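Each chain, written out:
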Amino acid sequence: MSRILHNRVSSSLRKSTTWPAIDKRAVAFSIWTGRSLLLRKPVDTSHVQKRKYGMLVARAVRGILKIRYLVLGGAVGGGMTLNKKYAEWKDGLPDMGWLNELLPDNDQWNRFTDSLLTAKDRISDQLQIGAPVPLTLSVHSDPRLREAGASRAAELREWLSQRYEDAVAAAAANNAASNEVEQPAKIVNNLQSRPAPAPARTTADETAAYEKRVHALQEEVLALQARYQRELQRLEQENRELRQQNMLLRQGRQPPPKKMKRSLIDMYSAVLDELAGWEAGEAGRLPRVVVVGDQSAGKTSVLEMIAQARIFPRGAGEMCTRAPVKVTLSEGPYHVAQFNDSSREFDLNKESDLADLRKEVELRMRNSVRGGRTVSTEVIAMSVKGPGLPRMVLVDLPGVISTQTVDMAADTREAIKQMTKQYMDNPNAIILCIQDGSVDAERSNVTDLVASCDPQGKRTIFVLTKVDLAEENLANPNRIRRILEGKLFPMKALGYYAVVTGRSRKDDSIQNIRDYEERFFRSSKLFKEGLVAAAQVTTRNLALGVADCFWRMVRDTVEQQADAFKAMRFNLETEWKNTFPRQRELDRDELFERARAELLDQSAELSAVPPAAWEARLAQALWAAAAARVLAGIYLPAAHHAHDDRVIPVVHKIKYSHTGSSLRNMPALWTHPYDFNFNKFNTSVDIKLREWAETELPAQSIQAARLALRDEFAALLARAGEGDPIYEPLKRQAVEEALARHRWEERAIDVLRVLQLNALQDRCVSSRADWDAAVALMDSALKERLDDTEKELKALTGPGFRDRWLYWQSSNEEQKRRAEVRSELERLGTCRPTLAYDEVVAVRDNLRRRGVEVDNEYIRETWKPVYLKNFLQRAQTRARDCKKSFYLYSQQNGTEKECCEVVMFWRVQTTLRTTANALRQQIGNREAARLDRELREVLDEMAADPDLKKKLLSGRRVELAEELKRVRQVQEKLEEFIEALNKEK
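Residues numbered from 1 in each chain as written. Predicted model: local features only at pLDDT ≥ 70, side-chain atom pairs only at ≥ 80, totals over all residues. Heavy atoms only, no water.

Visitor: Just give me the short version of the overall build of the chain, but keep the residues and values in it.
Guide: Along the chain, the regular secondary structure elements total 32 helices and nine strands. The buried share of the chain, reckoned over its 985 residues, is 41%. Considering only intrachain contacts with a sequence separation of at least 6, the fraction spanning at least 24 residues in the chain is 78%. (Helix = DSSP H or I, 4+ residues; strand = E, 2+ residues; numbered from the N terminus. Buried < 20%, exposed > 50% of the residue type's maximum accessible area, 1.4 Å probe, protein only. Contact = heavy atoms within 4.5 Å.)

Next up, the structure:
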C-alpha cells in the first residue's frame, strides 16, 4: 500500500516544474515513512525523529494549558454560583435588626447597673431606718387587695433586709477568716467592672476566693433586685386591672368574667358530687374524710378549726347537725365560703356574712328533714377557700345518740347509725373519730361502731377533744396518755390527736381559740411530764396529718376507680349497641327537650288548621254538648205540652172471663186520636230556646270549644305518629295539664250570647239545602234517642222473643213483671204523654187479675219509656214526611205549621253554626296563642320537676342512657383529675 502511494506521489512530483511546488503532503509522507519521494532512496531521518518528539511535547504542553483554562473557568463559574446561592440564602433569612434596638449598648449597660446600685443603696437605707419602701400603687376597688398588697410589701422588705444582712455577714466572716485580707472596698455592682484589687500581701488563691465571693454577692443582690422588680410589676398589673373593673362598674357594666383555673381539690370535689348516686354500690368509692362522733362531742368545732371559721350553727342542748354536710377545703387568696348550687360568696372575715352563712346552713338542714323526719340523707355541699387551708374533702355527719327524745322521729337513732355506717363502710374513707375527753370513755357510742367498720384501724384517726376540761377533771392524767397511745379503747387507729376547740364561748374567734389552745398545751402537765408528744396536739397538726393521709389515699386509689369506671362504660356501651342499635344515646333531659320541641311545633300547627275543618269539628262538638238539652229540655217538653188536653178520655167497662187469667175483650180506654197544637209548640219552643240561649248555651259552647281543642290536639299528635313513642306519656300529660289550665276569654261568653240570641230570632228557612240539613239533624237526633230508649226498655223488660231463641237469653222475675206491665200499657194505647188516675187503676186491676201485683208508681215508671218510644217513632215518621214539604213551606212563606219541628231544629242548627264560626275566630285570633303560652309554662314546670320527668320518661332505654351519661361524666372528670394530679407530682 505504501509503495503504491509512493509511486503516485513521485509521479505527481515529476510532473511539477519547480521545487517549491512540492506538495506538503509529500514532505509529511517522507517524514513519516523515512523515504524520499524525489530521490527514491532512504532519507536521513534523525533530525526528523527529534522534531517528531518535540511536536509531541509541544502538543502535550498545549493540552496542559487548555486544562488550566478549564480549571480557572470552572473555579470562576463555581465561585459565582456559590456567591449567588449565598445571596439567595441571606435574603431568605429573617430580619434580625430588631435585636440591635432591643439589646442595649455598653453605655446603656453601665447606666442600668449604676441605677440598680443606686436603688439597692436606697432600699438598704430605708430598711436600716425602718421606713416603708415607696410603692407606686393605689388600689381603690377592693380593701382586701390593699391589705394583701401592704402585707406582701412588708414581707418583701423584711425578706430583702434579712438576705442583705446575711450576705454582708457572710462576707465579713470570710474576710475575718483570711486574717491577712484587709477590709474590701465597697462592692461596685457593675457587670463590666472588676472588684478592688486585693492587697499585695495576699496570695493568689486568697485573691481568687475573695473575687469569687464578691461575684456571688453581686449576683445575689441582682437576683433580689430582679425579684423585687417583678413583684412591683405584678402589683402594678393588679392595680391596673382593678382600676379597669372600677371604671366598668361606675359605667354600669359588669367586667368580663375571668376563666380561672380550677384547683385540684375542686376537681376532686366535683368527682365526688358526680358519684353521689353510687354511694351504695362498688363504684364511687373515692376517699373522703368522714367526721363521726357522739352528739356534742365537738365534731363541728373540730371541722371549724380546720376550716378556720365558725361556719355552722350552734344548738343549745339540742341536735344541730341534721344532714350530712360536705365541705371542700382549698387554698385561696381570700377566706370565703360558697354553696355548690349558689353563686353567692360569704366573706368569712365579716361577722355579718358569717351569720348569714349559718342561717343558710340551718335553713337547708330544716328543709331537708320535712315530713316528720329528724335527720336526712340529703347532702349539703359547700366549699371553703382561704390562705393556708389544707386541701381535702370532709363530710360532717349527725352525732350518734344513745337516747331518743319524744320530739324525735321513732327511727332517728337507727337512721343516724345506718347513715354513719354507710359512709364509714367505704373502704377508702378516712374516719375521723371524735371523742369527748371531758366525759367518761365508757360512755362513748361511736368507738364500737368505728371498730366494727375498720377493725384494723388502717384508715381511722382518733381525736380527743376538750382536753383542757379533761385535765382539770381527771385526777390521773395517765388516762389521757393511755387514750392517745391507743391502749384504753379496743379500737385501733393510724394516729391519735388531742385538741382544744374553745372555752364554751360562742363569741370567741378562731384565732382566739388557737391562741388559747397553744397556751394550754405549752403550760399543760401533758407536755411538762412528757406524757404526750408534740406532734399529737393542736388542730394545726391534726389538719396536716389528716390532709397528708387523705392525699396519700387519693393517689393510691384514684387509678383503680378510673379503671373501674372505664370497664363499666365499656359494658354499658356494649349493652346499648346490642339493645338499641339504631337509636341515639339520649338521657332523660335530652328526651324531654326533644319532646318539648315536637309538642311546641304541633301546638303551632293549631293556627294552620283550615277554617272549614275547625268549623266542622266545632259544630260536631257543639251538637254533642247540646243534643241532650235540645231533645230532653226543649223538643220533648214542647211536644208534650202541644197535645190538646181538652179532649176528655172515655172509660168503658171491661169484661173478663170467669177464669180471670186473661182479657176477654180489648180495653176500651182511649182518648181522642193524636192531636198536636202547633201554636202551643212554637210558643213553648220560643220560650225554652231563649231561656237556653241566655243561661246555658254560651257556657256549653265554651266547653264544647275546649273539647274541640283537645280533639284537634289529639289528632295532631296522632298524625305525628312517626315520633318516638317514648314521648307519648309526656306529651299527653302536658296537653291535658295545659287544657285544664286554659280559661277562655271572659268577654267571649257575652259575645256568644248576643250572637246566639240573634240567630234564634230567624224562623224562615231560605233554601232547600238548609231544610234537608234540618230534617237530617232531626232524624238523626230522634234515631239516636230512640235507640237509647229501646235499650232502656230492653234492660227493664228483658230480652225479646228473638234474643231468647237465638242467643239463649232469659229474663229475671223483675224483668218479667215489667214485661207484663208494658204489654198491658201497649194494649191501653201510648198516644198520651201522661196517664190519668183512672187509667192507672184500670191497668193495675187488669194486672192483679193476671197475678201481677204492682203499685201506681211502678206503672207510671214503666209508662214513660213505653210512651217515649211510641212518640219518637211517630216523630221520626213526621220528619221523613216533612222532607218532601219544603215546596209547600216556601209557597206559604214560612207560615206552614205542619213541619214546625223541622223549623225548630233548623233554628238550633243555625245557632250552632253561627257559634262555631265565632269560636273558630276566637281560637285563631287569641285562644290558640294563649293555649301555646300555657303549654310552655307547663313544660317549664315539668322541666324543673325531676321526679315527674322520671315518671313520664321511663324504661330501660332511658335508664341505660342516663347511667351511660353519668359514667362518661365521672370517667372524664376522673381522667382530668388524674392528669392534674400527675402534673402536680
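So, next bit.
Visitor: An account of the sheet that holds strand 5 (residues 380–386) is requested, with residue identities and associated values reported.
Guide: An order of 4-3-5-2-6-1-7-8-9 is seen for the nine strands of this open sheet, with the pairing classed as mixed. Of all strands in the sheet, those with a lone pairing partner are strand 4 (346–347) and strand 9 (495–498), marking the two edges. Bridge analysis of strand 7 (residues 430–436) against strand 8 (residues 460–465) gives six bridges, and the strand direction is parallel. Paired with Cys433 across the bridge in strand 8 is Phe462. Helix 12 (residues 446–453) rests against strand 1 (289–293), strand 7 and strand 8 of the sheet, and its axis sits at about 160 degrees to strand 7. (Pairing = 2+ DSSP bridges. Axes fitted to C-alpha atoms, helices over the stretch in contact; angles between N-to-C directions.)

Visitor: How would you summarise the nonpolar core if you had to cite specific residues and measurements?
Guide: General note: in soluble globular proteins, nonpolar side chains tend to be found buried as a group. Counting 102 residues, the largest nonpolar core has Trp623, Tyr635, Phe681, Trp771, Met904 and Phe905 as its most contacted members. At 18 residues, helix 30 (residues 900–943) tops the list of elements feeding residues into this core. (Core = buried A, V, L, I, M, F, W, Y, C linked by side-chain atoms within 4.5 Å.)

Visitor: Can you break down helix 8 (residues 264–274) residue by residue, with the values?
Guide: For helix 8, the tally of buried residues reaches ten of eleven residues, placing the bulk of the element in the interior. Those residues of helix 8 that fall on the buried side of the exposure criterion are Leu264, Ile265, Asp266, Met267, Tyr268, Ser269, Ala270, Val271, Leu272 and Glu274. The inward-facing, buried residues of helix 8 abut strand 2 (325–331), strand 5, strand 6 (392–396), helix 17 (539–579) and helix 32 (956–984).

Visitor: Explain the pairing of strand 5 residue by residue, including any values.
Guide: Extensive coverage of strand 5 is indicated by the burial of six of its seven residues. One ladder, built from seven bridges, connects strand 2 with strand 5; its direction is parallel. When the sheet's bridge partners are listed, Glu331 is paired in strand 5 with Gly386.

Visitor: Talk me through the pairing of strand 9; I want residue IDs and the actual numbers.
Guide: Burial along strand 9 is two-sided: the residues Gly495 and Tyr497 and Tyr496 and Ala498 are all buried. When strand 8 meets strand 9, the two strands line up parallel, connected through four bridges. Within the sheet, the bridge partner assigned to Leu464 lies in strand 9 and is Ala498.

Visitor: How would you summarise the environment of Thr465 if you had to cite specific residues and measurements?
Guide: Its place among the elements puts Thr465 in strand 8. A sequence separation of 36 residues divides Thr465 from Thr501, and the C-alpha atoms of the two residues are 6.9 Å apart. With residues up to four places along the chain from it excluded, the contact list for Thr465 reads Ala297, Gly298, Val302, Ile434, Gln435, Asp436, Gly437, Ser438 and Val499.

Visitor: For the pattern of salt bridges, give the residues involved together with the corresponding values.
Guide: Following the criterion strictly, the structure yields 48 salt bridges and no others. Between Glu362 and Arg366 there is a salt bridge, and its shortest N-O distance comes to 3.4 Å. Placement of both Glu362 and Arg366 in helix 10 (residues 351–368) is noted, with a separation of four residues, approximately one turn of the helix. Residue class for Arg366 comes out partly exposed when judged on its relative accessible area of 46%. Note that Asp589 and Lys949 form a salt bridge whose closest N and O atoms lie 2.7 Å from each other. Remark: Lys949 occurs in helix 31 (residues 946–952) and Asp589 occurs in helix 18 (residues 588–604); sequence separation between them is 360 residues. The exposure class assigned to Lys949 is buried, which follows from its relative accessible area of 9%. (Salt bridge = Lys/Arg side-chain N within 4 Å of Asp/Glu carboxyl O.)

Visitor: Lay out the packing of helix 19 (residues 611–641) against helix 24 (residues 768–797) with the relevant residues and their values.
Guide: For the pair helix 19 and helix 24, the least separation of the axes is 11 Å and the interaxial angle reads 85 degrees. Classified by the angle between their axes, helix 19 and helix 24 sit roughly perpendicular to one another. Here Trp623, Leu631, Ala632, Tyr635 and Leu636 of helix 19 come into contact with helix 24, specifically with Leu777, Met778, Ala781, Leu782 and Arg785. The residue inventory of the contact of helix 19 with helix 24, partitioned by class, reads nine nonpolar, no polar and one charged. (Parallel < 35°, antiparallel > 145°, perpendicular 65-115°, else oblique. Nonpolar A, V, L, I, M, F, W, Y, C, P; charged D, E, K, R; others polar.)

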